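Listed below are the residues making up each chain.
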Amino acid sequence: MTTPGVSYSLSGPSEKHDPAHLPVRGDLAHIRLAGKVFVPHYVVPLPHRVNGAGTQVLSAARADAEVLAVLPTGTGFQVLDLAGTWAWGQVGEADAEDGLVGYVPAEALHAVE
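The structure reproduced in this document is the subject of the present report.

**With respect to the overall build of the chain**
- Counting secondary structure elements, the chain contains zero helices and nine strands.
- Considering the chain as a whole, with its 113 residues, one finds that 37% of them fall into the buried category.
- In the structure as shown, the chain presents an accessible area of about 6700 Å², 57% of it carried by carbon and sulfur atoms.

**Section: the pattern of salt bridges**
- Throughout the structure, instances matching the rule amount to four salt bridges.
- For the salt bridge of R25 with D27, the shortest nitrogen-to-oxygen distance reads 2.9 Å.
- Its relative accessible area of 17% is what places R25 among the buried residues.
- In this structure, a network of salt bridges that share partners links the residues R25, D27 and D81.

**Things to note about the environment of L109**
- Relative to the helices and strands, L109 is located in strand β9 (residues 109-111).
- Between the C-alpha atoms of L109 and V79, which are 30 residues apart in sequence, the distance is 9.4 Å.
- Among all residues touching L109, those that are not within four sequence positions of it are H48, R49, V50, N51, F77, V79, A87 and V104.

**Structural notes on the side chain of Q78**
- Relative to the assigned elements, Q78 resides in strand β6 (residues 76-83).
- Assessed through its relative accessible area of 6%, Q78 is described here as buried.
- Polar contacts involving the side chain of Q78 include one to the main-chain carbonyl oxygen of G92, which spans 3.0 Å.
- Apart from residues lying up to four places away in sequence, Q78 is in contact with P45, L46, P47, W88, G89, Q90, G92, E93 and A94.

Calculation rules
Residues numbered from 1 in each chain as written. Predicted model: local features only at pLDDT ≥ 70, side-chain atom pairs only at ≥ 80, totals over all residues. Heavy atoms only, no water. Helix = DSSP H or I, 4+ residues; strand = E, 2+ residues; numbered from the N terminus. Buried < 20%, exposed > 50% of the residue type's maximum accessible area, 1.4 Å probe, protein only. Areas by Shrake-Rupley, 256 points an atom, 1.4 Å probe, with all protein chains shown as cover. Salt bridge = Lys/Arg side-chain N within 4 Å of Asp/Glu carboxyl O. Contact = heavy atoms within 4.5 Å. Polar contact = N/O pair within 3.5 Å; in protein donor to acceptor, adjacent residues only side chain to side chain.

The values reported here are purely geometric and, on their own, carry no functional implication.
And the structure:
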């Protein structure tokens, strides 16, 4: 995504970050981190909510990964990537900046309009 009339530049090394709470992977990061961390793609999150009986946030996109948290029904989850049956993103509402980052089953989420 490009923002008309806005350019980003980095000076010096990328900032150190807490991978559990800052939505950065080697291939992409949350758009709010543009100009702060270096990745090939910056993504605008898509707001979702947990449906059904809740779900788990996992450390990787596989059922046997470490469980980082359990999310009750209705919890906000900002989706940054959907791949196969997994969604990667950050727990919380659109303006939250310190929510837990991880993977949840895509079927456990529904989009918020």
